[in-house]
Structure formats: structure tokens, C-alpha cells
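Observations on chain architecture
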Amino acid sequence: MLPSHRIKGFDGCRALAVVAVFLEHRTALRATELGHVAVLLFFALSGYLIVGGLHSDRVGVEAGQRSVFTALRDFIRRRTLRIFPIYYLALGVLAALSALGLWSGWSWEAAPWHLLYLSNVYQAYVLGTWQDTFGHLWSLAIEEQFYLFAAPTLLLIPARRHAVVCAVVVAVGACVGLAHVAQGASRIVWVTDSMANFAFLAMGGFARTALSRWRMPAAKWIAPACGLALLGLGLVRANDPVNWRMGLGMLEAGLAAAGLILALADSQDSLLVRFLEWRPLAALGVVSYAFYLYTDFLWFAPPWAGPVGHAAAMAVNFMGGLALATASWWLIEKPLIAWGRRARPAAPRTAIART
């Protein structure tokens, strides 16, 4: 059963994004920006939903339905129950296995950075390279950092100014990213910079707060066009150090991702949405967070395996990650989300009017 109160097509987008990351990490697509573009789609989608929720909460504050403190407390509770349990459970299990001598990928030097959601800072500025099976945690760190910035900022600032806040974050983040390009920064610094990535989350937020109140003409055609643009930009060859083609291309990818999300929300009866609602795809999207978190920890392909052995290892890794993510959803994540809703029912949110 899929969750209720959901925007059709979004879970399918999550599924395609997580599959793109999986393939980029394990095939010749590693030489492209496919996985990076997929993460930008995650960011735009997250920004659309998180900023939209905070915007509605602020409207509720202005209507006298709740206080800023209550809205902030409830936001932190929701995000904590959704993100923290399986993240820290995974790190705890890996640390225990390492202490018992059963797993060799753990680094006690890196542990504090991962525990504090600073994986991107550690890998870019301390280690100077991707940290093997922990490399993917950079994007989860940036999401958590964005929550810490966005929640108090948007709940304290009048709702009518939220689109301006998002636009400023986009502009500043884009300038930071392009400054890295101008300086010839290494790819890992450019990819993992917090402020540069806040721009992509804010693009989704701007789409929600400034644009979603108006109907999008030809949305059912704009959505697939944006999707194809993302695919094309993802297949661009990665370069290290970064160059202007990559820097500008990823900004275009962020805009295409935000456009795709906005168009999907505005064309809920389109053929593309029906495809994204295909049950296996949508079901993978529901468990995509756990799948993204777990699969790199489960990856093992001996160097002597050859092409056939590598393909078999990929299949085992995918199915094992999917099985573990599904169990995680039903046994841990879904019960915790339900418990949180029972413990403190969400206050009513004011919808954004559309014209």
C-alpha cells in the first residue's frame, strides 16, 4: 500500500533518481554526471515539499493557528523521526561490525563528521576524496544542513517573502558554485559545497512558493521535456577539475529538475504521471531513502569477478538493498511516522491558492 496524501508521480521520480545513482556508482556511467543530476532531482523535490510545508506552517502562524515555536518543534520532530532512526542505526551497526572485526570499511576518524551530518565537509576538505562506501552520505548531510537553515528562517520571515528568500538563496548558491568553477576547484569540492547545493533545494522551494499558485500551460508536455533535458545533462562527461560546461550545465539541470517537479504537480492526469505511478516504480520511490542509504554499504564485487561476476554482484546488491529497504520501511520507518502522527497530530495547513 502506498502512502496517502501524496502528489502522484513524485515517488516514481524518486525511484528513477535512485536507480540512476545506483547505475552511476557501479558502471561506466561513473564517468558522467548522471548520479549528480539524479541527486539534484532529489534536492529539487525535497525543496518543493519541505519549503512548501514550512510556507504553509508560516501561513498558519500568521493566521494565529500556532506559534513559531510550535511549528518549529513539530518540523524538527517530523524530520527527526523520518531521517535519524535508520541513519544512526546503519552507522551503529557498521561501527559494531567494525569493532568485532567483521567489517573493514569503518573509519573512526570520519565517524564524528558522519554523526554530525558533515560528511560533505569531511570528504571535500579533510579527506580530499570520496570515502569509499560512505561517499554517498554527502547529499544526506546537505539536506540536513538545509533543514537547519530553512526551518527557522522561513518560520520567522513573513510568508509573502518566502519566494524572495528562495530566489536569494538560488542566486547566492549559483554564485558560489560558479566561483568554484572560476577557481578551478576539484570536482569533489564543487559537488559537495553546502551553499552551492542549497541553490538546488531553493529552486524547488521557489517553484512551490512563487510558481505553483498559477496553472502551467502545456504542463503535460513541459514535464517530459524537462525529464529529457535532465537525462541529456546527466550523460555529459564529468571533468576534474570542474569546467564552465559542467558548472553551467548543473545549474540548467537544477532548473530542469524544478520545472519537472512543478509540471508533474500540475499535470496529475498526464501520461508521464501514469507511468511514474506504475506500482513497482512508485513502491521503490517509497523506500528510496533507505535504498539510497543501504546499498553502498552492501556493495561487494571482487576485482577478479569479470564482467559477468560484476553484473551478478550488481543484481545481488540491488535486490539485497531493495529487500533491506522494504523491511526498513515496514518495520521501522512507517511505524515511527505513524507513531509521530498519533503522538501529536499535525496542525491544519493552509493551502496555496491557485489561479
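Cut-offs and rules
Residues numbered from 1 in each chain as written. Predicted model: local features only at pLDDT ≥ 70, side-chain atom pairs only at ≥ 80, totals over all residues. Heavy atoms only, no water. Helix = DSSP H or I, 4+ residues; strand = E, 2+ residues; numbered from the N terminus. Rg over C-alpha atoms; globule rule 2.2 N^0.38 Å. Buried < 20%, exposed > 50% of the residue type's maximum accessible area, 1.4 Å probe, protein only. Contact = heavy atoms within 4.5 Å. Areas by Shrake-Rupley, 256 points an atom, 1.4 Å probe, with all protein chains shown as cover. Lys, Arg positive; Asp, Glu negative; His and termini not counted. Charge placed at Lys NZ, Arg CZ, Asp CG, Glu CD. Patch = residues over 30% accessible without salt bridge, like charges linked within 9 Å, V, L, I, M, F, W, Y side chains within 5 Å. Salt bridge = Lys/Arg side-chain N within 4 Å of Asp/Glu carboxyl O. Axes fitted to C-alpha atoms, helices over the stretch in contact; angles between N-to-C directions. Nonpolar A, V, L, I, M, F, W, Y, C, P; charged D, E, K, R; others polar. Expected span 1.5 Å × (residues − 1). Bend = angle between axes of the 7 residues up to and from the residue. pLDDT = per-residue confidence, 0-100. Phe/Tyr/Trp six-rings, centres within 6.5 Å; stacked < 30°, edge-to-face > 60°. Polar contact = N/O pair within 3.5 Å; in protein donor to acceptor, adjacent residues only side chain to side chain. Parallel < 35°, antiparallel > 145°, perpendicular 65-115°, else oblique. Left-handed = near helix turned anticlockwise from the far one by under 90°.

1. Let's talk about the overall build of the protein
- Broken down by element type, the protein carries 15 helices and 0 strands.
- Relative to the globule expectation of 20 Å for 355 residues, the C-alpha radius of gyration of the protein, 20 Å, shows essentially globular dimensions.
- Expressed along its principal axes, the backbone C-alpha trace of the protein runs to roughly 60 × 45 × 40 Å.
- Within the span of the protein, comprising 355 residues, buried residues form 51% of the whole.
- Across the protein, the fraction of contacts at a sequence separation of at least 24, relative to all contacts at a separation of at least 6, is 78%.
- When the accessible surface of the protein is summed, it comes to about 16300 Å², and 70% of that surface belongs to carbon and sulfur atoms.
- Taking the 29 positively charged and 18 negatively charged side chains of the protein as two groups, their mean positions are separated by 10 Å.

2. Regarding a nonpolar patch on the surface
- Together, Val164, Val168 and Val172 line one region of the surface with nonpolar side chains, adding up to about 230 Å² of accessible area.
- Residue classification places Val172 among the partly exposed residues on the basis of a relative accessible area of 39%.

3. Examining the packing of helix 6 (residues 137–156) against helix 14 (residues 288–298)
- Here helix 6 crosses helix 14 at 145 degrees, and the two axes come no closer than 10 Å. Every residue of helix 14 that contacts helix 6 at Leu137, Ser139 and Leu140 is listed here: Tyr289, Tyr292, Leu293 and Phe297.
- Class assignment for the residues of the contact of helix 6 with helix 14 results in 6 nonpolar, 1 polar and no charged.

4. Side note on helix 15 (residues 306–343)
- Taking 1.5 Å per residue, 38 residues should reach 56 Å; helix 15 reaches 52 Å between its end C-alpha atoms and fits that length.
- Bending of helix 15 peaks at approximately 45 degrees at the position of Trp329.
- Among the residues making up helix 15, those that are buried are Ala313, Met314, Asn317, Gly321, Ala325, Ser328, Trp329, Glu333 and Gly340.
- Contact partners of the buried residues in helix 15: helix 1 (10–26), helix 3 (68–99), helix 13 (279–286) and helix 14.

5. Considerations on the pattern of salt bridges
- In total, this model carries 10 salt bridges according to the counting rule given.
- Asp74 is the salt-bridge partner of Arg77, the closest N and O atoms lying 2.8 Å from each other. Residue Arg77 and its partner Asp74 are both found in helix 3; the two are separated by 3 residues, about one turn of the helix.
- Accessibility expressed as a relative area gives 4% for Asp74, which makes it buried.
- Close ionic contact of Arg82 with Glu333 constitutes a salt bridge, the shortest N to O distance being 2.7 Å.

6. Brief notes about the confidence of the model for the protein
- When pLDDT is averaged across the protein, the result is 93; 95% of the residues are at 70 or more.
- Between the elements of the protein, mean pLDDT differs from a low of 94, seen in helix 15, to a high of 98, seen in helix 6.

7. A look at unusual backbone geometry
- Omega for the peptide link from Asp240 to Pro241 comes to 5 degrees, which places this bond in the cis form.
- Within the secondary structure, Pro241 is located in the loop between helix 10 (219–234) and helix 11 (244–265).
- For Asp132, which is not a glycine, the phi torsion comes out positive at approximately 40 degrees.

8. Observations concerning the packing of aromatic side chains
- This model, assessed by the stated rule, comprises 21 aromatic pairs.
- Seen from their ring centres, Trp106 and Trp108 are 5.4 Å apart, and the 75 degrees between their planes marks the pair as edge-to-face.

9. Details of the side chain of Asp57
- As for its placement among the helices and strands, Asp57 is situated in helix 2 (residues 34–62).
- Overall, Asp57 belongs to the buried group, its relative accessible area being 0%.
- One polar contact links Asp57 to Arg66, side chain to side chain, over a distance of 2.9 Å.

10. Digging into the environment of Ala15
- Structurally, Ala15 is set in helix 1.
- In this structure the C-alpha to C-alpha distance between Ala15 and Leu127, which are 112 residues apart in sequence, comes to 30 Å.
- Discounting chain neighbours no more than four positions away, the residues touching Ala15 are Leu281, Leu284 and Gly285.

11. Description of helix 3
- Along its 32 residues, helix 3 runs 43 Å from first to last C-alpha, staying within 8% of the 46 Å computed at 1.5 Å per residue.
- The largest bend in helix 3 is about 35 degrees, located at Thr80.
- Directly beyond the C-terminal end of helix 3, a positive phi value near 75 degrees is found at Gly101.

12. Some words on the packing of helix 2 against helix 3
- As a packed pair, helix 2 and helix 3 sit with axes 9 Å apart at the nearest point and diverge in direction by 155 degrees. In terms of axis orientation, helix 2 runs roughly antiparallel to helix 3. In this structure, helix 2 meets helix 3 at a crossing whose hand is right-handed. Along its contact with helix 2, which presents Ile50, Leu54, Asp57, Arg58 and Val61, the element helix 3 presents Val68, Ala71, Phe75, Arg78 and Arg79.
- Looking at the contact of helix 2 with helix 3, its residues break down into 6 nonpolar, no polar and 4 charged.

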